[in-house]
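# Analysis of the macromolecular model
Listed here are the chains, written in short residue letters.
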Amino acid sequence: MGVSGPLRVVVAKPGLDGHDRGAKVIARALRDAGMEVVYTGLHQTPEQIVDTAIQEDADGIGLSILSGAHMTLCGRVVALLKEREAEDITVFVGGIIPDDDIPLLADLGIKGIFTPGATTTEIVEWVTANLRLATA
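The following paragraphs examine the structure supplied in this document. The structure presented is a predicted model; accordingly, all values stated were derived computationally and were not measured.

Calculation notes
- Residues numbered from 1 in each chain as written.
- Predicted model: local features only at pLDDT ≥ 70, side-chain atom pairs only at ≥ 80, totals over all residues.
- Heavy atoms only, no water.
- Helix = DSSP H or I, 4+ residues; strand = E, 2+ residues; numbered from the N terminus.
- Buried < 20%, exposed > 50% of the residue type's maximum accessible area, 1.4 Å probe, protein only.
- Pairing = 2+ DSSP bridges.
- Right-handed = clockwise from strand over helix to strand, strands pointing away.
- Core = buried A, V, L, I, M, F, W, Y, C linked by side-chain atoms within 4.5 Å.
- Contact = heavy atoms within 4.5 Å.

Note on placement: Leu131 falls in the segment after helix H5 (120–130). Look at Leu131 and you get buried, because its relative accessible area is 4%. Taking C-alpha positions, Leu131 is 11 Å from Pro6, a pair spaced 125 residues apart along the chain.

Okay, structure coming up:
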């Protein structure tokens, strides 16, 4: 059974990083592309982010991480989704991600990884193409 309606994406700023300009730009770009977007605000725990995604029946979670804690925070979000049997929620991340960490994040289950220089068009196109793949 396919899911209809606009894609639903939770955009979140996990951890102590206090810079949310990029997250707000992405949230607006996704919204302008016709998606329903829930922006959780600053300083969210992985538990809060996963709870929000499940409550909002999200198709995806976009994490914005500039603090260098991407391995820990992304890993925890993916683990919580698995614990909550919500692995159908696609997780993608953007931020300051060293090249060496990109394959490690992919191994954790992060489906999309965007580094500085990624355009909003690139991210919107990726989200549109990669969320709800199982129902397409």
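Another point: the pairing of strand S2 (residues 36–39). In this sheet, S2 lies alongside strand S1 (residues 8–12) in parallel orientation, the contact comprising four bridges. Bridge pairing in S2 links Val10 to Val38. With helix H1 (residues 21–32) bridging S1 and its parallel neighbour S2, the resulting β-α-β unit is right-handed.

The next thing to look at is the nonpolar core. Membership of the largest hydrophobic core comes to 22 residues, with the highest contact counts inside it found for Ile61, Leu63, Leu81 and Val93. Listing elements by their share of this core, those giving two or more residues are S1, helix H2 (46–55), strand S3 (60–65), helix H3 (70–83) and strand S4 (90–95). Not counting residues within four places of it along the chain, the set of residues in contact with Val93 comprises Leu63, Ile65, Cys74, Leu105, Ile110, Gly112, Ile113 and Phe114. Val11, Ala27, Ala29 and Val124 belong to the second largest nonpolar core, which has 16 residues in total.

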